[in-house]
Protein chains: 2
Amino acid sequence: MAKKQQGDFFEDYKNEDTALIINDGVEQPPIINPYIKNVFKKKASIPSVEWYMDGIRAEDTTVLSQAITLVESSLPEHRAVAQQIIQRCQEISRSKKSMRIGITGVPGAGKSTFIEAFGSFITSQGHKLAVLAIDPSSEKSKGSILGDKTRMETLCNDPNAFIRPSPSAGSLGGVARKTRETIILCEAAGYDVVFIETVGVGQSETAVHSMSDFFLLLMLSGAGDDLQGIKRGIMEMSDLIAITKADGNNVDKASMARALYSNALHLFPPTESGWIPTAVTSSAVTKEGLPEILSKIEDYFKLVINNGFYDRKRREQSQFWMYESINESLKNMFYENQSIEKLLPEYEEAVLEGKLESFSAAAELIEKYKQTR
Amino acid sequence: MAKKQQGDFFEDYKNEDTALIINDGVEQPPIINPYIKNVFKKKASIPSVEWYMDGIRAEDTTVLSQAITLVESSLPEHRAVAQQIIQRCQEISRSKKSMRIGITGVPGAGKSTFIEAFGSFITSQGHKLAVLAIDPSSEKSKGSILGDKTRMETLCNDPNAFIRPSPSAGSLGGVARKTRETIILCEAAGYDVVFIETVGVGQSETAVHSMSDFFLLLMLSGAGDDLQGIKRGIMEMSDLIAITKADGNNVDKASMARALYSNALHLFPPTESGWIPTAVTSSAVTKEGLPEILSKIEDYFKLVINNGFYDRKRREQSQFWMYESINESLKNMFYENQSIEKLLPEYEEAVLEGKLESFSAAAELIEKYKQTR
């Protein structure tokens, strides 16, 4: 191994299985303090792919967190290392039959409380649980799951649980990519159950649905007003509806709601998986329903692993995200094009006012775009 | 007016309000026989925009049909004329508060029979009705609505009804564009009610939903197996569910189904329009329920025209289709790129086999694409 120089790490790491950071010409294991802001902006401080992989394989949550931070970074040099880590983790994770569970719910259903209670039950059953989130609004709200984290105290202190707030990227596409890659990293680090939580804003349920195996919807015992916060179409996506807060005076109401939803689910078109969605009641206080939910989830996974739907859906999801990501890049190239940026508002205005038909406007803009290339 | 030569129509039509076809140097009104194949391939036989507009304004169905054929053509010279016609029709149609009604149903619900019966009822109430269809499979099946047409004999002979089979284009995007433009032409020709029927294949319901004001779902009185033919999510898109075949021995079963669906609809999140979806029963034999369906539809339109949702949705749809059309063009440019066409299969394979993560594959393909430009 040639003598290394400070700063030559990056030119070097591709050729070395165990590249190390060089400080003062002395080889040392890299130490990264995530609390030092912008630490990743210094090229020389990025550890090697092998260093990350060793940590991930050893199920070291500090290294896992740092790897996720790298995955979330948009700096090209970070991206290059991140892609190698993802690739390596993918190789580890694909042999495992992990359970990716999407969770959403109506506002007030007590999502964090449910995740805290159900998550603790899951780890008590011998699973290792990662809790991730897709929240495209988290840039503005500075991460609502941070608030959640304080409400998930038990889970935060559970050595078998790993909680990671939503990446705060601008576009849903960006958040989705980072979350999907984070799932792979977590699975490689030994987490066999992954929760992907969504706040139910805009298209985020669809994104979560496209990266989970199982979709759990949390509902309250009332109907009507309670449903104000979720979008139409979500009920028909769900594999299981859990009526939360089924405790105290609410037990009867929750049972009634469970019956109503069960009946409604029967009227829905059948699922592709062959699974028959049902409704259950649950309480984060009495823990009632939690074992039943886990057993439903396990039944689902038995069914879909046996009938091949599990693998098929995972493959379709990979394909989906490849095309989704291509299409998003194509759109970015177009909408960030300088002439298009200038022209778009007037075309949109003309279309909105009915002065120009949608397709003519599109055709003209595409013509202009072609001319700029 | 300068003496015209045979074949110089095309260079000429833009400058003439009333360009005519020149045959043997003699100006004659254009006669197009749609049964002569490829007639539109002869440049000289395209009439002027004004000729089409005169016919459309006069509610001449032969001219309307020819205009739609032009809109459906993919020849650039046809497209140029078609876009002008669409623009002119758009100006006429946007002042009218037409009712665009999307219709889908489970297989066996008797869609054509329902449309025949309900359509005849609608024209008997003084409306003019256009029946269009979105059937992306019609290229293969050579237009299932042609079969429908023979089953819609009364409506076919109804002077106040106009039936047009689905355009047989390859992609759903292409079919959607043509259908949306055809709606505008029909409205300009005096049709105040437009049915857009879908066969329920793939994404076609979403397309129909994105170009109608009201979405009607036809269901049978049974559940479960009957629902095999429709996709999840459609129930939550519907503004009205009609249980068909509520006649003879089926009356009680249909009433029960109506009650079940009504209850289920109450459990859904509220609609953006403020409308409360319900379920009704109907029979094409006894005509039971048809007046109720029309009255529900009229109530809906009263509500949404008054609360502004009608205009807002129309504007959003125009915007949606502009962006949808841009995005489809961007995708076509990418996927038809020669290097991409060659590379794509191996990348897709690598992604499906888990050898390459979706987002890395996408990023590499986009890089290659940029290099070819």
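Residues numbered from 1 in each chain as written. Chains lettered and ligands numbered in written order. Predicted model: local features only at pLDDT ≥ 70, side-chain atom pairs only at ≥ 80, totals over all residues.

**Thoughts on the overall build of chain A**
- A tally of helices and strands in chain A yields 15 helices and 9 strands.
- In chain A, once contacts between residues fewer than 6 apart in sequence are set aside, the share between residues at least 24 apart is 70%. (Helix = DSSP H or I, 4+ residues; strand = E, 2+ residues; numbered from the N terminus. Contact = placed C-beta atoms within 7 Å.)

**Brief notes about unusual backbone geometry**
All names here are of chain A.
- The phi torsion at K287 lies on the positive side, around 65°, for a residue other than glycine.
- If you trace the backbone, K287 turns up in the loop between β9 (278-281) and α12 (290-306).
- On the basis of neighbour count, K287 is assigned to the partly exposed category, with 14 C-beta atoms found within 10 Å. (Buried ≥ 20, exposed ≤ 12 C-beta atoms within 10 Å, placed from the backbone.)

**What to know about the interface of chain A and chain B**
- If you look at the interface, chain A gives 51 residues, while chain B gives 51 residues.
- Going through the elements one at a time, α4 (76-93), α9 (172-188), α11 (251-266), α13 (309-335), α14 (338-352) and α15 (358-371) of chain A are the ones with two or more residues in the side of chain A that touches chain B.
- Among the elements that line the side of chain A that touches chain B, the one with the most residues is α13(A), at 12 residues.
- Its residues placed into classes, the side of chain A that touches chain B shows 25 nonpolar, 15 polar and 11 charged. (Nonpolar A, V, L, I, M, F, W, Y, C, P; charged D, E, K, R; others polar.)

**Re the packing of helix α3 (residues 61-72) of chain B against helix α4 (residues 76-93) of chain B**
Residues and elements named next belong to chain B.
- Closest axis-to-axis distance for the α3/α4 pair is 8 Å, and the angle between their directions is 125°. By the angle class used here, α3 and α4 are oblique. The way α3 lies across α4 gives a crossing that is left-handed. Packed against α3, whose contacting residues are A67, L70 and V71, the element α4 presents H78, V81, A82, I85 and I86 at the interface. (Axes fitted to C-alpha atoms, helices over the stretch in contact; angles between N-to-C directions. Parallel < 35°, antiparallel > 145°, perpendicular 65-115°, else oblique. Left-handed = near helix turned anticlockwise from the far one by under 90°.)

**Details of the domain arrangement of chain A**
Residue and element names in this part refer to chain A.
- According to the domain assignment, chain A contains domain 1 (9-92), domain 2 (96-307) and domain 3 (319-371).
- Listed as interface residues are 12 residues of domain 1 and, on the opposing side, 12 residues of domain 2.
- Secondary-structure elements contributing two or more residues to the side of domain 1 that touches domain 2 are α3 (61-72) and α4.
- Considering only residue class, the side of domain 1 that touches domain 2 consists of 8 nonpolar, 2 polar and 2 charged. (Domains from an automatic or database assignment.)

**What about the packing of α13(A) against helix α14 (residues 338-352) of chain B?**
- For the pair α13(A) and α14(B), interaxial distance at closest approach is 9 Å and the crossing angle is 135°. The angle between the axes of α13(A) and α14(B) places the two elements in the oblique class. For the crossing formed where α13(A) meets α14(B), the hand is right-handed. Residues A:R315, A:S318, A:Q319 and A:M322 of α13(A) lie in contact with α14(B), whose contacting residues are B:E348, B:V351 and B:L352.
- Taken together, the residues of the contact of α13(A) with α14(B) sort by class into 3 nonpolar, 2 polar and 2 charged.

**Let's talk about the sheet that holds strand β3 (residues 99-105) of chain B**
All names here are of chain B.
- The strand order across the open sheet formed by 7 strands is β5-β4-β6-β3-β7-β8-β9, and the pairing between neighbours is parallel. Pairing within the sheet leaves two strands with one partner each, and these edge strands are β5 (161-163) and β9 (278-281). Taking the axes of each pair of neighbouring strands and ignoring which way they run, one obtains an average angle of 25° across the sheet.
- Examined bridge by bridge, β3 and strand β6 (residues 193-198) share 5 bridges and lie parallel to one another. (Pairing = 2+ DSSP bridges.)

**Comments concerning the pairing of β9(B)**
All names here are of chain B.
- With 4 bridges joining them, strand β8 (residues 240-243) and β9 adopt parallel strand pairing. The residue bridging A242 from the neighbouring strand is V280, located in β9.
- This β-α-β element, β8 to helix α11 (residues 251-266) to β9, shows right-handed connectivity. (Right-handed = clockwise from strand over helix to strand, strands pointing away.)

**Digging into the sheet that holds strand β5 (residues 161-163) of chain A**
Residues and elements named next belong to chain A.
- Taken together, 7 strands build an open sheet; the order of strands is β5-β4-β6-β3-β7-β8-β9 and the sheet is parallel. Both outer strands of the open sheet, β5 and β9, are each paired with one neighbouring strand and no more. Neighbour-to-neighbour, the strand axes of this sheet turn through a mean angle of 25°, independent of strand direction.
- Here 6 bridges tie strand β4 (residues 129-134) to strand β6 (residues 193-198), and the two strands are oriented parallel to one another. Pairing of A130 across the sheet is with V194, part of β6.

**Some words on the relation of the copies chain A and chain B**
- Superposing chain A onto chain B requires a rotation of 180° together with a translation of 0.0 Å along the rotation axis, leaving an RMSD of 0.1 Å. Look at the turn and shift together and you get a two-fold axis relating the two.
- A symmetric contact is evident, with 100% of the interface residues of chain A recurring at the interface of chain B. (Least-squares fit on C-alpha atoms with pLDDT ≥ 70 in both.)

**Concerning the nonpolar core**
- Residues A:L185 and B:L185 are the most contacted members of the largest nonpolar core, which totals 168 residues.
- Ignoring any residue separated from it by four or fewer positions in sequence, one finds B:L185 in contact with B:I56, B:L64, B:A67, B:I68, B:V71 and B:C89.
- Counting 24 residues, the second-largest nonpolar core is a separate cluster that includes A:W321, B:M322, B:A361 and B:A362. (Core = buried A, V, L, I, M, F, W, Y, C linked by C-beta atoms within 7 Å.)

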